[in-house]
Amino acid sequence: MTRLSFFFKGRHFSTLQLHPLIIKNYGNPLSEDTQIIHLCRAGSLWEAVKILNATDPSKIGVKPLVYASLIQTSTKVQSFVHGLQFHAHAVKSGLETDRFVGNSLLALYFKLGCDFAETRKFFDGLVYRDVISWTSMITGYIRVGKPLKAVEVFMEMLGFDIQPNAYTLSGVIKACAELEALGLGKCFHGVVVKYGFGSNHVISSALIDMYGRNNESLDARFMFDEMLEPDAISWTCVISAFVRNDIYEQALRLFYSMQRDCGLRPDTFTFGPVLTACGNLGRLKQGKQMHAKAITSGICENVVVESSLVDMYAKCGFVDKSRRVFDGMKEKNSVSWSALLGGYCQNGDFKSVIDLSRVMDVVDLYSFGTILRACAGLTALCQGKEVHCQYVRIGNQTDVIIESALVDLYAKCGRIEQARTIFGQMTAKNTITWNSMICGYAQNGRAEESLQMFNKMIEEGVQPNNISFVGVLFACCHTGLLEQGREHFWTMTAKYGIRPEVQHYNCMIDLLGRDGLLEEAERLLMGSEYKDDSSLWAVLLGACTTCTNSAAAVRIAERMMELDPAYHLSYVYLANCYKATGQFVKASTVINLMKQRRINKLRGLSWVETDQSSLDRRLNSNLIMVD
């Protein structure tokens, strides 16, 4: 092989117009190999190849630096074909054993190669493997989503007595972050201190990220505060750490301090977590300001920023604005689709979630969970089964979020045994999973099993949350387990520190009312922070229908009329109470007042799915009216 001909096979360039970069020293041209190296540094692979093809091979000879430069430039311009051709020539010339050529080829394979197994095969065949080679493999495994293999390669490297550098340590710390291996990450923090890399910004940023991903926001902030002059990447890492740990206010303060106090400009990776913070706080005004700043910074068309904007507007309740941002995106990925689906689902528009799922190109695991929640919200069993089948077809994957959503779907659709089967097959369960079964049993009238599931959850060491107690109290309410309901209601606060919310008071008031303890229920409501909540007084009012305490019933009905004058049952119940006690004049007065205010009794609504295979009929409000 006398020369490389990549674009013009068999053609020899006898005359060549010199590139401006290779004219030096008052117009005296550089040597051919120096010209090629200069052009490679400028990223001009085409020009470098033309010089290589036009040069007598004897003038260049076997020079590792020339071919290392050509391979590196092939990687830079993402031309894998050229890199393979240079590799072939390096093998024939005996250059593959050279340190610089070998590392350049390794970088080519792990950055542009489609099969990482081939990269590992090339690495194993390297004659000379230095710290750069090992670091390339560590970062390569992280890039392909195998952080555990990255740690294993690091340990293998130490076995060859090769000392890590800053990039090696930052890579393996990133692997610990993705593995959520806090203990191992702390060990590497000790290695960083031992080797004197504590002031290295790359490593410090990796440590901040590692602590943030492991819910150690204080350690992340401590690492950040120890930095003398943190750069924009370090600021972004600490902001992201606070957002991951739901410390949104602090994240926003750091964002403003980054610009005001240090004069640093945020980039696309900074805007993502900041917009997430605005969305979770419901700060629409600040979110719009961030949107405007992204536009003026020229990075608004970035897919990460636009996906974060879709999520932010949706979480602030402006799904229409979220949809406009989504429709205007030039590039959409799975995160963008998931953000829009999540927005519709969060705002209760389950039909739009189902419609969008039908036109999505690719449905990822996160989207599966959102679609299943929408199916559960609509009790759309057929559509949910379709998603379940798609999840099964993926094969060899288990996701606790999706499987919890499946348990919730089948439970809400009345298929509690199927929900129990999936629950029993799950290898990992979280609080959401247990809550789905507890609430599912309660909603399907199987209170004893709901309470047993709650007790088993406690035995397994899983900490209950407010939803757990909603399910338990609901179960007690619908089976009349008054004493157990009282015990769970007070244990919730005394033992677990969970503040009772409207749903908990709703269950307790209903439970007391069903047992005829109307005054106790009224005292419970009056002693709560929700004493002016009309929905709770409506529950208390409903208990008056079976109560013989007419004075309490009149008092509750009058209070309900004050809080919600348009609620028709207040007038009906109050009139009935007056009639029951022989006060017909007062009853007539209430009925006349109801007519004067033009308040009519509302008809009850229910739906019946007449065709299991036709979800659209029910989605289009196929309702049967019931008087």
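Criteria and thresholds
Residues numbered from 1 in each chain as written. Predicted model: local features only at pLDDT ≥ 70, side-chain atom pairs only at ≥ 80, totals over all residues. Heavy atoms only, no water. Helix = DSSP H or I, 4+ residues; strand = E, 2+ residues; numbered from the N terminus. Buried < 20%, exposed > 50% of the residue type's maximum accessible area, 1.4 Å probe, protein only. Contact = heavy atoms within 4.5 Å. Areas by Shrake-Rupley, 256 points an atom, 1.4 Å probe, with all protein chains shown as cover. UniProt positions renumbered as here; feature names shortened; annotations may be inferred. Salt bridge = Lys/Arg side-chain N within 4 Å of Asp/Glu carboxyl O. Polar contact = N/O pair within 3.5 Å; in protein donor to acceptor, adjacent residues only side chain to side chain. Axes fitted to C-alpha atoms, helices over the stretch in contact; angles between N-to-C directions. Parallel < 35°, antiparallel > 145°, perpendicular 65-115°, else oblique. Left-handed = near helix turned anticlockwise from the far one by under 90°. Nonpolar A, V, L, I, M, F, W, Y, C, P; charged D, E, K, R; others polar. Expected span 1.5 Å × (residues − 1). Arc of directions from axis to C-beta. Core = buried A, V, L, I, M, F, W, Y, C linked by side-chain atoms within 4.5 Å. Phe/Tyr/Trp six-rings, centres within 6.5 Å; stacked < 30°, edge-to-face > 60°. Lys NZ or Arg CZ within 6 Å of the ring centre and 35° of its normal.

Digging into the overall build of the protein
And then number 1: On a plain count of helices and strands, the protein comes out with 36 helices and four strands.
And then number 2: Residue burial in the protein is summarised as follows: out of 627 residues, 47% are buried.
And then number 3: Counting only contacts in the protein whose residues sit at least 6 apart along the sequence, the fraction spanning at least 24 positions is 58%.
And then number 4: If you sum the accessible surface of the protein, you get close to 31600 Å²; carbon and sulfur atoms cover 52% of it.

Digging into the UniProt feature "repeat: PPR" (unreviewed entry) in the protein
And then number 1: According to UniProt, the positions carrying the feature "repeat: PPR" (unreviewed entry) are residues 130-164, 231-266, 302-336 and 430-464.
And then number 2: Along residues 130-164, the helical share is 74% and the strand share 0%, with 10 Å between the first and last C-alpha atoms.
And then number 3: Note that residues 430-464 is 74% helix and 0% strand, and that its end C-alpha atoms are spaced 10 Å apart.

Considerations on unusual backbone geometry
Negative phi characterises most residues that are not glycine, and trans characterises most peptide bonds.
And then number 1: Despite not being glycine, D246 shows a phi value in the positive range, around 65 degrees.
And then number 2: Within the fold, D246 resides in the loop between α14 (232-244) and α15 (248-260).
And then number 3: For D246, a relative accessible area of 52% corresponds to the exposed category.
And then number 4: The phi angle at T379 is positive, at roughly 45 degrees, despite the residue not being glycine.
And then number 5: By secondary structure assignment, the location of T379 is in the loop between α22 (365-378) and α23 (381-394).

A look at the environment of A552
And then number 1: Note that A552 resides in helix α33 (residues 550-563).
And then number 2: For the pair A552 and E519, spaced 33 residues apart in the sequence, the C-alpha separation amounts to 6.9 Å.
And then number 3: Beyond its immediate sequence surroundings of up to four residues, A552 is in contact with L518 and E519.

What about the pattern of salt bridges?
Pairs can form between side chains of opposite charge once their charged atoms are near each other.
And then number 1: Counted by the stated rule, this structure contains 24 salt bridges.
And then number 2: Between K351 and D355 there is a salt bridge whose closest N-O contact spans 3.0 Å. Of this pair, K351 and D355 both sit in helix α21 (residues 350-357), four residues apart, roughly one helical turn.
And then number 3: Judged by relative accessible area, K351 falls into the partly exposed class, the value being 30%.
And then number 4: With relative accessibility at 31%, the residue D355 sits in the partly exposed group.
And then number 5: As a salt-bridge pair, E417 and R446 come within 2.8 Å of each other at their nearest N and O atoms. Highlighted residues: E417 in helix α25 (residues 416-425) and R446 in the loop between α26 (431-443) and α27 (447-459), separated in sequence by 29 residues.
And then number 6: On the basis of relative accessible area, E417 is assigned to the partly exposed category, the value being 47%.
And then number 7: Judged by relative accessible area, which is 25%, R446 ranks as partly exposed.
And then number 8: When salt bridges with common partners are traced through the structure, they connect R120, D124, R129 and E156 into a single cluster.

Considering the side chain of S528
And then number 1: Examined against the element boundaries, S528 turns out to sit in the loop between α31 (518-526) and α32 (534-543).
And then number 2: For S528, the side chain forms a polar contact with the main-chain oxygen of L525, separated by 2.8 Å.

A short note on the packing of α14 against α15
And then number 1: Orientation of α14 relative to α15, taken along the N-to-C sense of each, is 165 degrees, at an axis distance of 8 Å. Between α14 and α15, the crossing angle belongs to the class labelled roughly antiparallel. When the axes of α14 and α15 are compared, the crossing they make is left-handed. Residues A232, W235, V238, I239, F242 and V243 of α14 form the contact with α15, whose own contacting residues are Y248, Q250, A251, L254, F255, S257 and M258.
And then number 2: Considering only residue class, the contact of α14 with α15 consists of 11 nonpolar, two polar and no charged.

A look at α23
And then number 1: With 14 residues, α23 ought to run about 20 Å at 1.5 Å a step, and its terminal C-alpha atoms sit 20 Å apart, in line with that.
And then number 2: When we look at burial in α23, the residues that qualify are L381, Q383, G384, V387, H388 and Y391. The arc enclosing the buried residues of α23, seen along the axis, measures out at 160 degrees, which places them on a common side. Every exposed residue of α23 that faces more than 90 degrees away from the buried side is listed here: V392 and R393.

Observations regarding the nonpolar core
And then number 1: The biggest cluster of nonpolar side chains holds 183 residues, and the ones touching the most others in it are L70, I173 and I239.
And then number 2: Sequence-distant contacts of L70, that is, excluding residues within four places in its chain, are made with I36, C40, L45, A48, L52 and F86.

Side note on the packing of helix α4 (residues 64-76) against helix α5 (residues 80-93)
And then number 1: It is at 8 Å that the axes of α4 and α5 come closest, and there the two elements cross at 160 degrees. With respect to α5, the axis of α4 lies roughly antiparallel. Between α4 and α5 lies a crossing whose hand is left-handed. Every residue of α5 that contacts α4 at Y67, L70, I71 and S74 is listed here: H82, G83, F86 and H89.

Structural notes on the side chain of S257
And then number 1: Note on placement: S257 falls in helix α15.
And then number 2: Here D261 takes part through its side chain, which lies 2.7 Å from a polar atom of the side chain of S257.
And then number 3: Among all residues touching S257, those that are not within four sequence positions of it are W235 and C262.

Some thoughts on the environment of R283
And then number 1: Looking at where R283 falls in the secondary structure, it is placed in the loop between α16 (268-281) and α17 (284-296).
And then number 2: On the basis of relative accessibility, which here comes to 26%, the residue R283 falls in the partly exposed class.
And then number 3: Counting along the chain gives 33 residues from R283 to C316, while the straight-line C-alpha distance between them is 7.0 Å.
And then number 4: Other than its neighbours up to four places away in sequence, R283 contacts E249, L252, C278 and C316.
And then number 5: Polar contacts involving the side chain of R283 include one to the side chain of Q286, which spans 2.6 Å.

With respect to the packing of aromatic side chains
And then number 1: What the rule picks out here adds up to 16 aromatic pairs.
And then number 2: For the pair F123 and W134, a centre-to-centre distance of 4.9 Å together with 80 degrees between the ring planes defines the contact as edge-to-face. In this pair, F123 sits in helix α7 (residues 116-124) while W134 sits in helix α8 (residues 131-143), placing the two residues 11 residues apart along the sequence. Both residues of the pair, F123 and W134, count as buried.
And then number 3: Where F326 meets W337, the ring centres are 4.9 Å apart and the plane angle is 75 degrees; that geometry is what we call edge-to-face. You can see F326 sitting in helix α19 (residues 319-327) and its partner W337 sitting in helix α20 (residues 334-346), a full 11 residues away along the chain. Neither residue differs from the other here; F326 and W337 are each classed as buried.
And then number 4: Linked through ring pairs, F489, W490, Y505 and Y530 together constitute an aromatic cluster.
And then number 5: Above the face of the F123 ring, R129 is positioned so that its terminal group lies 4.8 Å from the ring centre.

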